[in-house]
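# Inside the fold
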Amino acid sequence: MARLLIVGGFLAAVFWVFSIVDCAVQPATRHRGVSKPVWLAIVVMLPVIGGILWFVIGRRRANDPGVRPVIAPDDDPAFLRSISKTEQDARIRRLEEELARLDEETDEPPATDQRP
């Protein structure tokens, strides 16, 4: 019986630490209900019950409808539609000019005048 209590206590401590770390590393947009600091307080103050509440109620899953995936601007169709064709052409032209200027630059140090 004592072994069972020791193993159970160890597993509860591991679950508690895992719950604290998981709650702390999740971005604030992935917390449901209350704010991130309140969830951390709940998980710390109520070791096993707080962890269970965090995983059942507080942690928002990636496939929840409230979570909007992060999309880069060049992959976002709405952003690309908002840019006019002339703005796109001007931006491409500026980038090509900058690349051409960088290609023209050399990595050699400037020549120094050495007199005997």
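This section reports on the structure supplied with the text. Predicted model only: the values in this text are computed from it and were never measured. (Residues numbered from 1 in each chain as written. Predicted model: local features only at pLDDT ≥ 70, side-chain atom pairs only at ≥ 80, totals over all residues. Heavy atoms only, no water.)

Let us now look at the packing of helix α2 (residues 36-45) against helix α3 (residues 47-58). Contact geometry for α2 and α3: axes closest at 5 Å, N-to-C directions at 140 degrees. Classified by the angle their axes make, α2 and α3 are oblique. Facing W39, I42, V43, V44 and M45 of α2, the residues of α3 in contact are P47, G50, G51, L53, W54, I57 and G58. Partitioning the contact of α2 with α3 into residue classes produces 9 nonpolar, 3 polar and no charged. (Axes fitted to C-alpha atoms, helices over the stretch in contact; angles between N-to-C directions. Helix = DSSP H or I, 4+ residues; strand = E, 2+ residues; numbered from the N terminus. Parallel < 35°, antiparallel > 145°, perpendicular 65-115°, else oblique. Contact = heavy atoms within 4.5 Å. Nonpolar A, V, L, I, M, F, W, Y, C, P; charged D, E, K, R; others polar.)

Moving on: the side chain of S19. Locating S19 in the fold gives a position in helix α1 (residues 2-25). In this structure S19 touches V43, G51, W54 and F55, once residues within four positions along its chain are discounted.

This part covers the pattern of salt bridges. In this structure the tally under the stated criterion is 1 salt bridge. The salt bridge involving R59 is made with D22; its shortest N-O contact spans 2.9 Å. Taken as a pair, R59 in the loop between α3 and α4 (77-82) and D22 in helix α1 lie far apart in primary sequence, 37 residues in all. By relative accessible area, which is 9% here, D22 ends up buried. (Salt bridge = Lys/Arg side-chain N within 4 Å of Asp/Glu carboxyl O. Buried < 20%, exposed > 50% of the residue type's maximum accessible area, 1.4 Å probe, protein only.)

It is the contact of α1 with α2, at a shortest axis distance of 10 Å, that shows an interaxial angle of 175 degrees. Overall, the two elements α1 and α2 adopt an arrangement that is roughly antiparallel. Contacts between α1 and α2 involve W16, S19, I20, C23 and A24 from the former and K36, W39, L40, V43 and V44 from the latter. Taken together, the residues of the contact of α1 with α2 sort by class into 8 nonpolar, 1 polar and 1 charged.

The next subject is the nonpolar core. Listed in full, the 5 residues of the largest apolar core are C23, W39, V43, W54 and F55. Of all the secondary structure elements, the ones that give two or more residues to this core are α2 and α3. (Core = buried A, V, L, I, M, F, W, Y, C linked by side-chain atoms within 4.5 Å.)

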